[in-house]
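Residue-level structural notes
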Amino acid sequence: MEATLRALVDATPTATLLFDAGQRVHYANPAARVLARLCAPEKGDRPLERVADWHPELLSTGALHLCSLHGSWSGEVILGIGRGQHKILLVHLSRIGPERFGMTVRDITQESVRESELHARNAELEVAYEKLQGAQEQVMQSEKLASIGQLAAGVAHEINNPIGYVNSNLSTLQRYISQLFSAIQSYEAALAEGAGPAATDAIRQKLDLDFLVADVPQLLSESREGIDRVCKIVRDLKDFARKERSEDWVKADIHRGLDSTLNIIWNELKYKAQIVRTFGDLPPVECLPSELNQVFMNVLMNAGQAIKDQGIITVTTSVAGGRVRIDIGDDGEGIPADVLPRVFDPFFTTKPVGSGTGLGLAISYGIVSKHHGTIDVSSTPGQGTLLRIELPIEQPR
């Protein structure tokens, strides 16, 4: 058995030494002798009687003391071997008797170099990833602003309409106030002259005060509705254009995002499409709201552009298995079967030159993937297209 164990230790590629408390070596396997040449290549085949003959710094007094106290010790040792070179060794000590110790030594210099290179490559990848992420955010923001630019005329029209009748109402209200001031002055003059009820009634009828009393609240109500409409459009535009940081995950109402997006693009759709909303009972969804609004805008704009004259766009929401589902469909021209697999490819577009960037659905796909969701499209040429978005209610931790 002893001969078998010795043969096994002799065959192992790990350097193994047995020595006493005075560090006198009683056994060293062939791998240990190879290690001796690596630790001091200029000294050749020197006598190897003590541990220090391998290298003066191979075994420290502190390591041997700790091994005596605890029964074992492990650590990395860096040895200078001349000419500016060094070796990194993994040393393990074991106490195998009152005055006997065993030591195994493994050269991990190359492993350490590879690990350092790996850390350096990892740092480079992190820098490259940060740059890529920044470039992706810039592309997304540029596409978002480009969408707003395309909608600018329609949004201006949507704002101009309520502003127009608010302006008209203010002109009318200005005239009404002049009439009311005239009525007050006439009443004061009549009271100073001691006129009776007949004179005041004549003033009331002449200036048509009963009509003013009824019409002024209606004018103010209409004006307030117009201003509210403008404020909502501006607020929705601001929310849509806002650049969110990646960590701004919040619980948001998907229906509010859909309504907000439809409000922004309504002028692009109202002349050709009827919007049919079928909203289910959705819980708040953990998401980046403005990025999802960009997805909704891209999909709804595509649905509107697929309809030539008059059609229907359906927006349906539901919950299925811990995920929310948003289905946006149209009864437009549809997508040919050979084109369907490419709709999410960057820069791919079937629109005329200058009518689209080809990034809308590609960016939408990236945003939905970022939310750990899925986006799928099905279409029948001549009948329409359905695009389904599924999102987790809670983001995975």
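A quick note: this is a predicted structure, and the numbers were derived from the prediction, not measured.

1. What to know about the pattern of salt bridges
Counted by the stated rule, this structure contains eleven salt bridges. A salt bridge links Arg325 to Glu390, with the shortest nitrogen-to-oxygen separation between them at 2.9 Å. Here Arg325, found in strand E10 (residues 323–330), pairs with Glu390, found in strand E12 (residues 384–392); they are 65 residues apart in sequence, far enough to count as distant. Each of the salt bridges in this network shares a partner with another, and the network as a whole consists of Arg323, Arg325 and Glu390.

2. Here we look at the pairing of strand E11 (residues 374–380)
Residues Ile375, Val377 and Ser379 of E11 are buried on one face, while the alternating residues Thr374, Asp376, Ser378 and Thr380, pointing to the opposite face, are not. Bridge count for E11 against E12 is seven bridges, and the pairing is antiparallel. Bridging from a neighbouring strand, Asp376 pairs with Arg388 of E12. Hairpin geometry of E11 and E12 is characterised by an intervening segment of three residues between the two adjacent antiparallel strands and by a positive phi of about 85° at Gly382.

3. Quick look at helix H10 (residues 360–370)
Those residues of H10 lying buried are Gly360, Leu361, Ala362, Ile363, Ser364, Ile367 and Val368. Downstream of H10 by one or two residues, His372 has phi in the positive range, about 60°.

4. Section: the packing of helix H8 (residues 254–269) against helix H9 (residues 289–306)
Two numbers describe how H8 lies on H9: the axes approach to 9 Å, and their chain directions differ by 40°. As summarised for this structure, H8 and H9 are arranged oblique, according to the angle between their axes. Read as a crossing pair, H8 and H9 show a hand that is right-handed. Two secondary-structure elements touch here, H8 through Ile254, Gly257, Leu258, Thr261, Leu262, Ile264, Ile265, Glu268 and Leu269 and H9 through Leu292, Asn293, Phe296, Met297, Leu300, Met301 and Gly304. When the residues that make up the contact of H8 with H9 are grouped by side-chain class, the tally is eleven nonpolar, four polar and one charged.

5. A word on unusual backbone geometry
Phi at Gln23 is positive, roughly 65°, even though this residue is not glycine. Examined against the element boundaries, Gln23 turns out to sit in the loop between strand E1 (15–20) and strand E2 (25–28). With a relative accessible area of 18%, Gln23 lands in the buried category. Even without being glycine, His372 reaches a positive phi, approximately 60°.

6. Quick look at the nonpolar core
Core analysis: the biggest nonpolar cluster contains 40 residues, and Ile254, Ile313, Ile326 and Ile389 have the highest contact counts within it. For this core, the element with the most residues is H9, which contributes eight residues. If sequence neighbours within four positions are ignored, Ile326 has contacts with Ile254, Leu258, Phe296, Thr316, Thr317, Leu387, Arg388, Ile389 and Leu391.

7. Overview of the side chain of Lys87
Summarising the element assignment, Lys87 is placed in strand E4 (residues 85–95). The residues touching Lys87, leaving out its near neighbours within four places in the chain, are Leu38, Val77, Ile78, Leu79, Ile81, Asp107 and Thr109.

8. Some remarks on the confidence of the model for the chain
Looking at the chain as a whole, its pLDDT mean stands at 83, while 86% of the residues score no less than 70. For the chain, per-element mean pLDDT is lowest for helix H6 (residues 197–206), which scores 73, and highest for E10, which scores 95.

9. Side note on a nonpolar patch on the surface
Where nonpolar side chains cluster on the molecular surface, the patch consists of Met1, Leu5 and Leu8 and spans about 380 Å² of accessible area. The topology assignment puts Met1 in the segment before helix H1 (2–11).

10. Focus on the side chain of Glu291
Mapped onto the secondary structure, Glu291 falls in helix H9. Under the relative-accessibility criterion, Glu291 is labelled buried at 7%. One polar contact links Glu291 to Lys370, side chain to side chain, over a distance of 3.2 Å.

Calculation criteria
- Residues numbered from 1 in each chain as written.
- Predicted model: local features only at pLDDT ≥ 70, side-chain atom pairs only at ≥ 80, totals over all residues.
- Heavy atoms only, no water.
- Salt bridge = Lys/Arg side-chain N within 4 Å of Asp/Glu carboxyl O.
- Helix = DSSP H or I, 4+ residues; strand = E, 2+ residues; numbered from the N terminus.
- Buried < 20%, exposed > 50% of the residue type's maximum accessible area, 1.4 Å probe, protein only.
- Pairing = 2+ DSSP bridges.
- Axes fitted to C-alpha atoms, helices over the stretch in contact; angles between N-to-C directions.
- Parallel < 35°, antiparallel > 145°, perpendicular 65-115°, else oblique.
- Left-handed = near helix turned anticlockwise from the far one by under 90°.
- Contact = heavy atoms within 4.5 Å.
- Nonpolar A, V, L, I, M, F, W, Y, C, P; charged D, E, K, R; others polar.
- Core = buried A, V, L, I, M, F, W, Y, C linked by side-chain atoms within 4.5 Å.
- pLDDT = per-residue confidence, 0-100.
- Patch = residues over 30% accessible without salt bridge, like charges linked within 9 Å, V, L, I, M, F, W, Y side chains within 5 Å.
- Areas by Shrake-Rupley, 256 points an atom, 1.4 Å probe, with all protein chains shown as cover.
- Polar contact = N/O pair within 3.5 Å; in protein donor to acceptor, adjacent residues only side chain to side chain.

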